[in-house]
Amino acid sequence: GQQVQQSPASLVLQEGENAELQCNFSSTATQLQWFYQSPGGSLVSLLSNPSGTKHTGRLTSTTVTKERRSSLHISSSQTTDSGTYLCAIDPNYNVLYFGSGTKLTVEP
Amino acid sequence: GGIITQTPKFLIGQEGQKLTLKCQQNFNHDTMYWYRQDSGKGLRLIYYSITENDLQKGDLSEGYDASREKKSSFSLTVTSAQKNEMAVFLCASSIGGTGSSNERLFFGHGTKLSVL
């Protein structure tokens, strides 16, 4: 099956620090999305970035397609950023395959 | 905007029981998905459907049935609940397939299953 590896598994930061989350995948991807899962469990798509660099608010994603990796940078973290960040790829099957996530805790 | 509604929110079953989870979306999306999430793990695909009456198996389809009765609804049946099983089942939808660049996936809030 498809492999999506995320690191670190968990990360604890002080408010205001930056976070860097990594995603590596085993096959080429026509689609790559980053999701946020709140402590309550609901999942929302943060951004779609199959290649290059994309910004939205305090989030920056950089995907290097030929190296099969993507990163999500969160600048000036806030306590409300706490939750789990999931990376998912679609290797052109019209289905997303998810990693296990990075659990981020931002302390005040 | 639209919403994906999953029912029930919590489901407690007995070992061997057949259990049905329901999902409704009002985005008018063509494609719907059922994922399973175990504690501390990523999501694994059970079934998906690209249109009404279509069904496609995911990696985790064994032990499950699904039904896309109409475009807006997609139900999942656990054919025989396993003792001590505990997981969250997440329904999602997208306009088309997620292979297209910028195609986004929208999720429901999940159904939490516990089997006694």
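Note: the structure precedes this text.
Presented here is a report on the structure given in the accompanying data block. For every chain, the first residue of the written sequence is number 1, and numbering continues from 1 along that sequence. Chains carry letters from A onward and ligands carry numbers from 1 onward, assigned in written order. Reporting in this predicted model follows two pLDDT cut-offs: at least 70 for local features of residues, and 80 or more for side-chain atom pairs to be given and counted; totals over whole chains, interfaces and linings ignore these cut-offs and use all residues. The side-chain figures draw on all heavy atoms in the structure; neither hydrogens nor water molecules are used.

A separate point is the pairing of strand 7 (residues 59–64) of chain A. All names here are of chain A. Two strands form a pair only when DSSP identifies at least two bridges running between them. Going along the chain from the N terminus, every DSSP run of H or I of four or more residues is numbered as a helix, and every run of E of two or more is numbered as a strand. Judged from the 5 bridges that link them, strand 6 (residues 52–56) and strand 7 form a sheet pairing that is antiparallel. Counterpart to G52 in the pairing with strand 7 is T63. Counting the residues that bridge the hairpin from strand 6 to strand 7 gives 2 residues, and of these G57 lies at a positive phi of roughly 60 degrees. Where strand 7 lies against strand 8 (residues 69–74), 6 bridges are found, and the strand directions are antiparallel. Residue pairing across strands places S61 opposite L72, the latter belonging to strand 8. Where strand 7 folds back onto strand 8 in an antiparallel hairpin, the turn is made up of 4 residues, including R68, whose phi is positive at roughly 55 degrees.

On to the interface of chain B and chain A, then. Every contact between the two is made by 23 residues of chain B and, on the other side, 22 residues of chain A. Both sides of the chain B and chain A interface together cover about 1,700 Å² of buried area, and 48% of this is carbon and sulfur. Salt bridges, as used here, are contacts in which a Lys or Arg side-chain nitrogen is within 4 Å of a carboxyl oxygen on Asp or Glu. Summed over the shared surface of chain B and chain A, the result is 0 salt bridges. Residues adjacent in sequence count toward polar contacts only when both atoms are side-chain atoms; beyond that, a polar contact is any pair of N or O atoms within 3.5 Å, and within protein one must be able to donate a hydrogen and the other to accept it. At the junction of chain B with chain A, the criterion picks out 3 residue pairs in polar contact (both at pLDDT 80 or more). Sorting the residues of the side of chain B that touches chain A by element identifies strand 4 (31–37) and strand 5 (43–49) of chain B as the ones contributing at least two each. Each residue is assigned to one class: nonpolar for Ala, Val, Leu, Ile, Met, Phe, Trp, Tyr, Cys and Pro, charged for Asp, Glu, Lys and Arg, and polar for all the others, Gly among them. For the side of chain B that touches chain A, a count of residues per class yields 8 nonpolar, 10 polar and 5 charged. Should any heavy atoms of two residues lie within 4.5 Å, those residues are counted as being in contact. As used here, buried area is the combined drop in accessible area, with a 1.4 Å probe, of two parts when they are placed together.

All names here are of chain B. Ordered in space as 1-3-8-7, the 4 strands form an open sheet in which the pairing is antiparallel. Where the open sheet ends on each side, the last strands, each with one partner, are strand 1 (4–7) and strand 7 (64–70). Taking each pair of neighbouring strands and ignoring which way they run, the sheet shows an average axis angle of 15 degrees. Two strands pair when backbone bridges link them, and strand 1 and strand 3 (residues 19–25) are joined in this way by 4 bridges, in the antiparallel orientation. Bridge pairing in strand 3 places I4 opposite Q25. Axes here mean lines fitted to C-alpha atoms, for a helix over just the part in contact, with angles spanning 0 to 180 degrees between N-to-C directions.

Before going further, it helps to spend a moment on the environment of D54 of chain B. All names here are of chain B. Residue position: D54 is located in the loop between strand 5 and strand 6 (56–57). Taking the C-alpha atoms as reference points, D54 and K41, separated by 13 residues in sequence, lie 28 Å from one another. Excluding residues within four positions of it along the chain, D54 makes contact with Y48, S49 and R68.

Note on aromatic pairs: the rings of Phe, Tyr and Trp (six-membered ring only in Trp) are paired at centre separations within 6.5 Å, and the planes decide the class, stacked below 30 degrees, edge-to-face beyond 60, tilted for the rest. Evaluated as defined, the whole model comprises 10 aromatic pairs over all chains. When the centroid spacing of 5.2 Å and the interplanar angle of 80 degrees are considered together, the rings of F98 of chain A and Y35 of chain B count as edge-to-face. Of the two residues, F98 of chain A is situated in strand 10 (residues 97–98) and Y35 of chain B in strand 4; the pairing between them involves two chains. Relative accessible area serves as the criterion here: at 9%, F98 of chain A is assigned to the buried category. Aromatic side chains Y35 of chain B and F107 of chain B sit 6.1 Å apart centroid to centroid with 45 degrees between the ring planes, which places their arrangement in the tilted category. Linking Y35 of chain B in strand 4 with F107 of chain B in strand 10 (residues 106–107), this pair joins segments that are 72 residues apart in sequence. Take Y35 of chain B and F107 of chain B: they sit in the same class, and that class is buried. Linked through ring pairs, F35 and F98 of chain A together with Y33, Y35, Y48 and F107 of chain B together constitute an aromatic cluster. A 1.4 Å probe rolled over the protein chains alone gives each residue an accessible area, and that area as a share of the maximum for its type sets the label: buried under 20%, exposed over 50%, partly exposed in between.

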